[in-house]
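# Chains, contacts and geometry: an overview
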Amino acid sequence: MNETEFLQKAIDNARNFQNFPDVLMAVSLHPEWLTMIPEDRKWAILHQIILSGNVNHLDQLLALQKSNKNFRLLTNTRDNYTILAITALRTDTPDMKNRIQQLIKLDEMLNYAKDCEWDKCYEIIKENPSFVNEKPPYRRYYLIHHMACANAIEQFERFKEIKNCIFNLNLRADRKKINIIAREEKQPKFADYIEKSYPSLLDKDDSTFNDLYKASEEAKKRTDTINAVMEQKNIVKDLDNDLMGEPIKMKNRAEVMLHMNEIRTQQENELKNKSNQASKTEKDIDPEMLIDNLTCPLTLTVFIDPVIAADGFTYERSAITTWLKNNDRSPMTNQKLPNKDLNPNTVIKQIINALNLKS
């Protein structure tokens, strides 16, 4: 199955509300496909999933965009439906409409914060105080981190005066505390301010976080192995054929390299033939996005036992289990989890197994 067929099949499955594991597989390998609309289509996978009304499926796909800098939630269909307009096509999926409205508002707030438009940001927080400690799955920073990057000490004090607006100063980005982020962004005044005003934050026992972040030796070894494999050219396209074509078979290294050389010429020709398509990205797949989706956001190592939590993110089972012992909110969005169920991510397991066969 070539790349075009793979994408078309994923869109068809999303359109028919079926075979979600195949859709998840496609977007796990190609995060940018979530919003890509081929020339002969009107809707992307994102639009079809929103129409399905399945919020859990949406969150799983959005979690795969956390390293996709080009992702934009507000992507219209070719026939000019907005994502909010799609939710209005059905009256029996209020949860999806509420989720989309929440994501749009959070995006708006964080965009204002990024641009230091604090008055507009202030009005949103005034109306939705809980947003002060929440973010969409595909965002890196919470509001407090944008304030740290802008040295917005006065604004921080101002926002604290909003009723029910209580900053959670334990929120982290890339596992880093607020003061560390401030210093990395060359804002030592904000870091000094936080360290002086909230010394207990820095003195707090971080043993729980250390347990979360601790990776097993097996995970470290697997990470090194797969990083080496991912350096091979066109490895993502090779995976398309392995995972969406015939069942994976054991291959020795010589067979793998021969197979990769054979498909490389074919796929490079296909790429040239499709270069004039509006839906085609200008550059090849970024393997870093794939690696990111195979890596636990807590341990920062490739998964051994990947499980999907209620926030749509995939975690190493041991790490998220430790987190859930004392928390009922997502470690990635700080939004309240509807439940603490953990389900094996068989799609990620398949991808990792396929990559291991190539080592």
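Starting afresh in each chain, residues are numbered from 1 along the sequence in its written order. Under the rules for a predicted model, residues below a pLDDT of 70 receive no local features and side-chain atom pairs below 80 are neither given nor counted, while totals for whole chains, interfaces and linings still include all residues. Values reported for side chains reflect all heavy atoms of the structure, with hydrogen atoms and water molecules removed beforehand.

Looking at an unreviewed UniProt entry, the protein carries the name U-box domain-containing protein, with the source organism given as Rotaria sordida.

### Remarks on the environment of K97
To be explicit about the condition: In this text, helices come from DSSP runs of H or I with a minimum length of four residues, and strands from runs of E with a minimum of two, each type numbered from the N-terminal end.
With respect to the helices and strands, the residue K97 is situated in helix α6 (residues 94-114). Between the C-alpha atom of K97 and that of I83, which follows or precedes it by 14 residues, the distance is 9.3 Å.

### Re the sheet that holds strand β3 (residues 343-344)
Cut-off, in case you're wondering: Note: two strands are recorded as paired if DSSP finds a minimum of 2 bridges between them. Whether two residues touch is decided by their heavy atoms; if any such pair falls within 4.5 Å, the residues are in contact. Lines fitted to C-alpha atoms define the axes here, with helix axes fitted over just the stretch in contact, and angles between the N-to-C directions of these axes take values from 0 to 180 degrees.
Strand order in the open sheet made by the three strands is β2-β1-β3, with antiparallel pairing throughout. Strand pairing shows two members of the sheet lacking a second neighbour, β2 (314-316) and β3, which therefore form its edges. Bridging between strand β1 (residues 306-308) and β3 involves two bridges; their strand directions are antiparallel. Note that in β3 the partner of I308 across the bridge is N343. Those strands touched by helix α18 (residues 317-326) are β1, β2 and β3, and its axis lies near 95° from that of β2.

### Focus on helix α2 (residues 20-29)
Our working definition: Relative accessibility thresholds used throughout: buried, under 20% of the residue-type maximum; exposed, over 50%; partly exposed, between the two (1.4 Å probe, protein chains only).
In terms of burial, α2 is a largely internal element, eight of the 10 residues being buried. Every buried residue of α2 is accounted for by F20, V23, L24, M25, A26, V27, S28 and L29.

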